[in-house]
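# Overview (structure and organization)
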Amino acid sequence: MINRRIFSLGLGSALLSACSTGTPTRTPASRMRPVPNAGWDAWVAGFKGRAASQGISQTTLNLAFQGAGYLPDVIERDRNQVEFKRSLEDYLAIAASDERIATGKQMLVRHAGTLSQIEAKYGVDKEVIVAVWGLESRYGARRGDVPVVSAVSTLAYDGRRGAFFEKQLIAALRIIQEGDTSPANMTGSWAGAMGHTQFIPTSYLAYAVDFTGDGRRDIWSEDPTDSLASTAAYLARAGWVRGQPWGGEAGTVSGTPVTVLQPQTPGPRIAVFRNFQVIKRYNNSDSYAIGVGHLSDRIAGGAPFQASFGPDATGLTLEDRKELQRRLTSVGYDTQGADGVIGNNTKSAISAYQRASGMPVTGEPSVALLRSLGG
């Protein structure tokens, strides 16, 4: 079984790119324009021979590399990935936000017939499929539109993970050769993850399915059917146990769990079953698997976790932090949302407010800061 994220994208670049607050938008392709690079040209010339020896036709190579090029922004992103060490509380505030839950419920209704058919065939709960969709691409709103051939060839040429990305490039060329999509339509994230549920090319070849029956495994379409079915197929192949929960807050789920996790103290104790480990095959992170599982429960109408996380190190609860963001925004220092997660936008707003108010500029939240804003 290939882990869909063989390479670690990290919480910052993998989940938060899809779960960031604000208005969902597609990644602007204009920021990923190829530039001349003689080294990349020479590498591609050598690569074409290796690709041909693996069964990639000259026609496919010509088609795939027509208009492709070296993308310096891809290297910049690869070099500057930030590993966010989010608490579980902060993670869930983003992954299972009110907005994400509400949209998930809408998608569950909108695609009810398709999701029921997928669930019946693969045995994976439709709410779990929708939750993966919500975390991976914000229900299709953030699929990315970076040309995959350019992106993975740039990373393969760069060499830091050259063997891995050359393998992804060969897989991408096979996808084109098999007629599932065209080079122009094969777009995704800067690291080559594609479609509504962000499959890398090798995982696509191994697990993607043509659920619509049109002869193509089309995960790039506005219609998410093949993507959702492919995700279910992946989880089923990974060992999903039909009819078993992923887990839940200890004391609220039946059966004997595999183990009980305490990711944050204070905070809820999480009883997990085998399906929790299956979700981790999609992204090998406890927080990710808890996020998918809890979001799926909330989409199905379940309750929030009952155990309190308590105040953070600054003495503020999640609701306090949300109120701080709301009040900063109301006095002209926009935090770009009020999810209670103190990220760069909130820190910038705090700094600007402190500077204008004659306070020491720390950029950090505090009880005193909330009080100064009328809390």
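Residues numbered from 1 in each chain as written. Predicted model: local features only at pLDDT ≥ 70, side-chain atom pairs only at ≥ 80, totals over all residues. Heavy atoms only, no water.

Scanning the entire structure with this criterion turns up 14 aromatic pairs. Each ring, one from Phe47 and one from Phe65, has its centre 6.2 Å from the other, and the planes form 65 degrees; the classification is edge-to-face. Here Phe65 lies in helix 3 (residues 58–65) and Phe47 lies in helix 2 (residues 38–53), a separation of 18 residues in the sequence. By relative accessible area, Phe47 is classed as buried at 0%. Centroid distance Trp133 to Tyr139: 5.7 Å. Interplanar angle 80 degrees. Geometry classified as edge-to-face. With a relative accessible area of 2%, Trp133 lands in the buried category. Aromatic rings pair up to connect Trp40, Trp43, Phe47 and Phe65 into one cluster. (Phe/Tyr/Trp six-rings, centres within 6.5 Å; stacked < 30°, edge-to-face > 60°. Helix = DSSP H or I, 4+ residues; strand = E, 2+ residues; numbered from the N terminus. Buried < 20%, exposed > 50% of the residue type's maximum accessible area, 1.4 Å probe, protein only.)

The next thing to look at is the side chain of Thr225. Examined against the element boundaries, Thr225 turns out to sit in helix 12 (residues 225–237). Exposure remark for Thr225: the relative accessible area of 9% places this residue in the buried category. Non-local contacts of Thr225, meaning those with residues more than four positions away in its chain, are made with Thr114, Ile118, Phe211 and Thr212. (Contact = heavy atoms within 4.5 Å.)

Counting residues in hydrophobic clusters, the biggest one holds 88 residues, and the most contacted among them are Phe47, Phe65, Tyr122 and Leu173. Membership of the second largest hydrophobic core comes to 9 residues, among which are Leu328, Leu369, Leu370 and Leu373. (Core = buried A, V, L, I, M, F, W, Y, C linked by side-chain atoms within 4.5 Å.)

Bringing unusual backbone geometry into the picture now. In the segment running from Thr265 into Pro266, the intervening peptide bond is cis, with an omega of -5 degrees. Among the structural elements, Pro266 can be located in the loop between strand 4 (259–261) and strand 5 (270–272). A positive phi is found at Arg138, a non-glycine position, where the angle reads about 55 degrees. Inspection of the secondary structure assignment puts Arg138 in the loop between helix 8 (126–137) and strand 1 (146–147). Under the relative-accessibility criterion, Arg138 is labelled buried at 8%. The phi dihedral of Tyr139 falls on the positive side, at around 55 degrees, and the residue is not glycine.

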